[in-house]
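# Observations on chain architecture
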Amino acid sequence: MKILAIDTSADDTSAAITQGRIILSNISYSQIALHAKWGGIFPTIAKRAHIKMIEPVIQKALQKAKVTFKNIDAIAITYGPGLAPALQIGIQKAQEIAKINTLPIIPVNHIEGHIYSAFAQNRNKNPKREFTFPFLAIVVSGGHTEFIIVKKHVSYTVVGYSVDDAAGEALDKGARLLVESSYPGGPVIEKLSLHGNNNYHIFPRAMMRDKTNNMSFSGLKTSLKYYLDKKDTIDKLNHINDIAASYQEAVFKSIIKKLNNVISVYSIKCMVGGGGVMANNYLRKLLQDLSKNHTMRCYLTNKKLCGDNAAMIGIAAYYKAKNNIILPANTNIDRVPRANLSKLEYS
Ligand code: KG4
Ligand code: ZN
């Protein structure tokens, strides 16, 4: 089954052709340069850029996979969560293509995409990575920090999440306090941290004694702000690497601490990780060490597929279609900016 997948949930206009778990093409136009001066995504600019780029990105995805609409069996589209005006452009385009070509449509939750990205394969069907249910999925991105038990295909239970800012958001906001106009901030903090001391300053880690598996990151950026306000400029500049490393340590160790708990309580044997922040080498190492300590399998998404992309939506869509979640061409798909994996709109 060949799927044309589209994702316009945030600041990437992305289209891909997938066949089962295999990626035939995956094309993205990143809007980072357009949003950098605002220090975050500016909704009207995002919408305009999606309108401009959606058609060329789809055409390039078809060309690269050497297919035309005649070879496509279904259209997969992200309906949420994400930025409403951005989601709308992708949905409109998907519905237009579905109607003109009489193709069924598969609505996908963006987080499902990040989960299934860990199972993506190249044309040689590598990496092999079998599905062993139940598994624990960890999604760490700019909008979400979630621990999800996947009992079977397309069946999710969220067992832990950030109650306020996502981990990626905390890194983005922290980076802005440390270095002017740094967007996205995660890679900036990662780079600074490479030469820093993780334990230079111990930033407070919220909700660590709380009985739930939930996390909180909004207080962390406030504590960084107070810390920097008190520090003199020369001292701050001399220790910017140490401060970044200590801040990153607080974010990641909060996640690891809660994960330890989840793994013991739910007797996890396999965990998979995805989302933009999963591109971070230090977080990847912490998760790999954690899986060794608990003798678990650990499938982290290829670094090239951690950030938003349409291929992950196509792969999730394939398993949804296999579970009969596939709708006629003229079905009206609504954008759901706050879509929740625990209460799937399409299941
Ligand atoms: O998954 P994603 O592309 O978009 C959302 O769905 O949110 O994630 C974007 C997030 C941003 O917060 C960005 O700073 C973070 O991923 N990120 C990283 C790295 N690369 C991207 N965070 C830490 N280390 C990285 N190398
Ligand atoms: Zn994402």
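See the structure above.
None of these values were measured; they are calculated from a predicted model.

## Let's talk about the coordination of the zinc ion (ligand 2)
- Around the zinc ion (ligand 2), the protein contributes the donor atoms His110 (NE2), His114 (NE2) and Asp308 (OD), which lie 2.0 to 2.2 Å from the metal centre.
- Of note, the zinc ion (ligand 2) draws all its donor residues from one chain, in the sequence arrangement H-x3-H-x193-D. Note that His110 is positioned in helix α4 (residues 110-116) and Asp308 in the loop between β10 (297-300) and α11 (311-322), a separation of 198 residues in sequence.

## Digging into the site of ligand 1
- Taken together, the neighbourhood of ligand 1 is formed by 21 residues, with Gly142, Asp172, Gly186, Glu190 and Gly276 sitting nearest.
- Within the side chain of His114, a nitrogen or oxygen atom sits 3.2 Å from an oxygen atom of ligand 1.
- Within the backbone of Gly168, one N or O atom sits 3.2 Å away from an oxygen atom of ligand 1.
- Alone, ligand 1 offers 550 Å² of accessible surface; in the complex the protein occludes 84% of this.
- Within the residue set of the shell around ligand 1, elements represented by two or more residues are α4, α5 (167-178) and α6 (185-193).
- Across the shell around ligand 1, the residue classes break down as 6 nonpolar, 12 polar and 3 charged.

## Here's the deal with unusual backbone geometry
- With an omega dihedral of -5 degrees, the bond running from Asn126 to Pro127 counts as a cis peptide bond.
- Within the secondary structure, Pro127 is located in the loop between α4 and β6 (135-140).
- In the segment running from Phe133 into Pro134, the intervening peptide bond is cis, with an omega of -10 degrees.
- The topology assignment puts Pro134 in the loop between α4 and β6.
- We note that Lys125 has phi near 60 degrees; this positive angle belongs to a residue other than glycine.
- Take Lys125: it is sitting in the loop between α4 and β6.
- Positive phi is not limited to glycine here, since Asn324 has a value of about 65 degrees.
- With respect to the element layout, Asn324 can be found in the segment after α11.

## Quick look at the packing of aromatic side chains
- On inspection of all chains with the given rule, the structure shows 13 aromatic pairs.
- Taking the centre distance of 5.0 Å and the plane angle of 75 degrees together, the rings of Tyr79 and Tyr346 count as edge-to-face. Of the two residues, Tyr79 sits in strand β4 (residues 74-80) while Tyr346 sits in the segment after α11, which places them 267 residues apart along the sequence.
- Arranged with centres 6.3 Å apart and planes meeting at 45 degrees, the rings of Phe252 and Tyr282 form a pair that is tilted. Separated by 30 residues along the polypeptide, Phe252 in helix α9 (residues 240-265) and Tyr282 in helix α10 (residues 281-293) bring together distant segments of the chain.
- Given the relative accessible area of 0%, Phe252 is considered buried.

## Some thoughts on the packing of helix α2 (residues 43-65) against helix α3 (residues 84-101)
- Two elements in contact, α2 and α3, have axes whose closest approach is 8 Å; the angle formed by their N-to-C orientations is 25 degrees. It follows from the interaxial angle that α2 and α3 lie roughly parallel. In this structure, α2 crosses over α3, and the sense of that crossing is right-handed. Residue-level inspection shows Pro43, Lys47, His50, Ile51, Ile54, Glu55 and Ile58 of α2 in contact with α3, the latter providing Pro85, Ala86, Gln88, Ile89, Gly90, Lys93 and Ile97.

## Some words on the pairing of strand β1 (residues 2-7)
- Within β1, 5 of the 6 residues are buried, which leaves it mostly tucked inside the rest of the structure.
- In terms of strand pairing, β1 meets strand β2 (residues 12-19) through 6 bridges, oriented antiparallel. Of the residues in β2, the one forming a bridge with Ile3 is Thr18.
- Strand direction decides the pairing type here: β1 and β4, joined by 4 bridges, are parallel. Looking across to β4, one finds that Ile6 is bridged to Ile77.

## With respect to the pairing of strand β3 (residues 22-30)
- Note: β2 against β3, 8 bridges, orientation antiparallel. If you follow Ser14 over to β3, its bridge partner there is Ser28.
- Hairpin connection of β2 to β3: 2 residues between the antiparallel strands, including Gly20 at a positive phi of 65 degrees.

## Some details on the sheet that holds strand β8 (residues 155-161)
- Strand order in the open sheet formed by 5 strands is β8-β7-β6-β9-β10, with mixed pairing between adjacent strands. Edge positions in the open sheet fall to β8 and β10, since each of these has one partner strand only. Averaged over all adjacent pairs, the angle separating strand axes in this sheet is 25 degrees, with direction ignored.
- As judged from the 4 bridges shared by β6 and strand β9 (residues 270-274), these two strands associate in the parallel manner. Within β9, the residue paired with Ile138 across the bridge is Gly273.

About the thresholds
Residues numbered from 1 in each chain as written. Chains lettered and ligands numbered in written order. Predicted model: local features only at pLDDT ≥ 70, side-chain atom pairs only at ≥ 80, totals over all residues. Heavy atoms only, no water. Donors = N, O, S within 2.8 Å, 3.2 Å for Na, K, Ca; no water. Helix = DSSP H or I, 4+ residues; strand = E, 2+ residues; numbered from the N terminus. Near = heavy atom within 4 Å. Polar contact = N/O pair within 3.5 Å; in protein donor to acceptor, adjacent residues only side chain to side chain. Areas by Shrake-Rupley, 256 points an atom, 1.4 Å probe, with all protein chains shown as cover. Nonpolar A, V, L, I, M, F, W, Y, C, P; charged D, E, K, R; others polar. Phe/Tyr/Trp six-rings, centres within 6.5 Å; stacked < 30°, edge-to-face > 60°. Buried < 20%, exposed > 50% of the residue type's maximum accessible area, 1.4 Å probe, protein only. Axes fitted to C-alpha atoms, helices over the stretch in contact; angles between N-to-C directions. Parallel < 35°, antiparallel > 145°, perpendicular 65-115°, else oblique. Left-handed = near helix turned anticlockwise from the far one by under 90°. Contact = heavy atoms within 4.5 Å. Pairing = 2+ DSSP bridges.

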